[in-house]
Amino acid sequence: MTRHEVRSVSSTVLSSGLSVFARNVKGQEWYQADEVAEAYEEKRFSRGGRLIDRREKEAVLSALGDVTDRSILEIACGTGRFTVMLAERGANIVGLDISAAMLQRGRRKASQVGVDDHLEFLRGDAARLPFPDDHFDAVFAVRFFHLADTPESFLSEMARVSREQVFFDTFKAMSSRSAYNWMLPMGSRLYEDDEVYGLIEDAGLELESAEHDFILPYGLYRQIPDWMADSLRGVDTSVVDHPIGEQFASVSYWNATVP
Ligand SMILES: C[S@@+](CC[C@H](N)C(=O)[O-])C[C@H]1O[C@@H](n2cnc3c(N)ncnc32)[C@H](O)[C@@H]1O
């Protein structure tokens, strides 16, 4: 899709009623607020949280492989943490999100690192992707499925517009996250592995690989300086690398192919 086509899709999407937000994502309005968008990265990925950002980027890069000239759609791209990184690596990428405030931060970041000409940020709803079938080589979403009340509808939309690959993460039910989930402002949807296998199959995808990580809560890493987080992470990875420890991981990365 050319830049011009993306822009015209964008304005069609906006004029066709984005003011009526989809109702099947937890706390969707939360990310519309300017102050939430402004604090988003600082709150999650500073101090010890930096290593979470690094780990998620590594998961995306390892799943997508060489992205040069690959056409990629990022769902719920937020402030463009991955969109910008992939544009820097030569991907032909569109980042879609429903929050204008989050996208605004992404555009700013893209312009700061000089890739604003190599990507598109598009305001849209992941429940109704404004693209034809098989439009992208790969489609991915990070930190989105824990907000989704109807994950099957989002995953089938992602599968519909992808030619080759779909990648996403989920938070796991049997993990430290379940102990504090109720305290979070909107709570996260937590998944059993079997549920995700079913979702992948129902979307007509084939599971290529899955990785499970982080025994210790993200919140703990965020509270401590990064040198301390690095040591703790060593303990965390040695536990999660063990087949029994892996059962208690709190995040899963799912890499699926379009048959
Ligand atoms: C936790 S943030 C994750 C942002 C980004 N993926 C990251 O990992 O930094 C969740 C994002 O989902 C977006 N979102 C929520 N509902 C959406 C929908 N129906 N369509 C598109 N984006 C949506 C929010 O605006 C927010 O930017």
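For the structure itself, look to the data block above.
Residues numbered from 1 in each chain as written. Predicted model: local features only at pLDDT ≥ 70, side-chain atom pairs only at ≥ 80, totals over all residues. Heavy atoms only, no water.

### What to know about helix 2 (residues 34-45)
As a reminder of what qualifies: Whether a residue is buried, partly exposed or exposed follows from its accessible area with a 1.4 Å probe, protein chains only, as a fraction of its type maximum: under 20%, in between, or over 50%, in that order. Only DSSP runs of H or I with at least four residues qualify as helices, and only runs of E with at least two residues qualify as strands; both kinds are numbered from the N terminus onward. Working note: the arc is built from the helix axis to C-beta atom directions. Contact criterion: two residues are considered in contact whenever any of their non-hydrogen atoms come within 4.5 Å of each other.
Three or more residues of helix 2 are buried, namely Val36, Ala37, Tyr40, Arg44 and Phe45. Buried residues in helix 2, looked at end-on, bunch into an arc of 100°, giving them a common side. Counted as exposed and oriented over 90 degrees from the buried face of helix 2: Glu35, Glu42 and Lys43. The inward-facing, buried residues of helix 2 contact helix 3 (50-64), helix 4 (81-88), helix 5 (100-112) and helix 9 (218-223). Just past helix 2, the residue arginine 47 takes up positive phi, approximately 50°.

### Thoughts on the pairing of strand 3 (residues 119-123)
Regular strands place side chains that alternate from one sheet face to the opposite one. Heads up, the rule is: One requirement defines pairing of two strands: DSSP has to find at least two bridges between them. With the strands aimed away from the viewer, a crossover counts as right-handed if its path from the first strand over the helix to the second runs clockwise.
The buried fraction of strand 3 amounts to 4 of the 5 residues, a majority that puts the element mostly inside the structure. As defined by bridge partners, strand 2 (residues 92-97) adjoins strand 3 across 5 bridges and the pair is classed as parallel. By the bridge assignment, isoleucine 93 is partnered in strand 3 with leucine 119. Taking the sense of rotation as the criterion, the β-α-β connection linking strand 2, helix 5 and strand 3 turns out right-handed.

### Observations concerning the site of the ligand
Applicable threshold: Distances are taken per atom, and a residue is near a molecule or strand as soon as one of its heavy atoms is within 4 Å of it. What qualifies as a polar contact is a pair of N or O atoms within 3.5 Å, subject to a donor-acceptor requirement within protein and to the restriction that residues adjacent in sequence count only when both atoms come from side chains. Accessibility throughout is a Shrake-Rupley quantity obtained with a 1.4 Å probe, and a residue counts as covered only by protein chains that appear here. For this scheme, ten residues count as nonpolar: Ala, Val, Leu, Ile, Met, Phe, Trp, Tyr, Cys and Pro. Four count as charged, namely Asp, Glu, Lys and Arg, and the remainder, Gly too, count as polar.
Not every one of the 20 residues close to the ligand is listed here, only the nearest: Gln28, Ala76, Arg81, Asp97 and Val142. Here tyrosine 40 contributes a side-chain N or O atom positioned 2.9 Å from an oxygen atom of the ligand. When the free accessible area of the ligand is taken as 600 Å², the share hidden by the protein chains comes to 99%. Of the residues that constitute the shell around the ligand, the class distribution is 12 nonpolar, 4 polar and 4 charged.

### Looking at the nonpolar core
Quick note on the threshold: Working definition of a nonpolar core: buried Ala, Val, Leu, Ile, Met, Phe, Trp, Tyr and Cys residues. They are joined through side-chain atoms within 4.5 Å.
In terms of nonpolar packing, the biggest core is built from 73 residues, with Leu73, Phe140 and Leu155 touching the most fellow members. In terms of residue count, helix 3 provides more of this core than any other element does, 6 residues in total. Look past the residues within four positions of leucine 73 in its chain and what remains in contact with it is Val94, Leu96, Leu129, Phe131, Phe136, Ala138, Val139, Phe140 and Val161.

### Brief notes about a nonpolar patch on the surface
Here is the rule: The patches described consist of residues with a relative accessible area above 30% and no salt bridge, like charges being joined within 9 Å and nonpolar side chains (Val, Leu, Ile, Met, Phe, Trp, Tyr) within 5 Å. Whenever a carboxyl oxygen of Asp or Glu lies within 4 Å of a side-chain nitrogen of Lys or Arg, that contact is scored as a salt bridge.
Together, Met174, Ile244 and Phe248 line one region of the surface with nonpolar side chains, adding up to about 320 Å² of accessible area. Relative to the helices and strands, isoleucine 244 is located in helix 11 (residues 243-246). When its relative accessible area of 55% is taken as the criterion, isoleucine 244 is described as exposed.

### Things to note about the pattern of salt bridges
Applying the stated criterion across every chain yields a total of 21 salt bridges. Glutamate 41 is the salt-bridge partner of lysine 109, the closest N and O atoms lying 2.4 Å from each other. One end of the pair, lysine 109, is in helix 5; the other, glutamate 41, is in helix 2, with 68 residues separating them in the sequence. By relative accessible area, glutamate 41 is classed as partly exposed at 25%. The residue lysine 57 makes a salt bridge to aspartate 53 at a minimum N-O spacing of 3.1 Å. On the criterion of helical spacing, the pair formed by lysine 57 and aspartate 53 is a turn pair, its members being 4 residues apart in helix 3.

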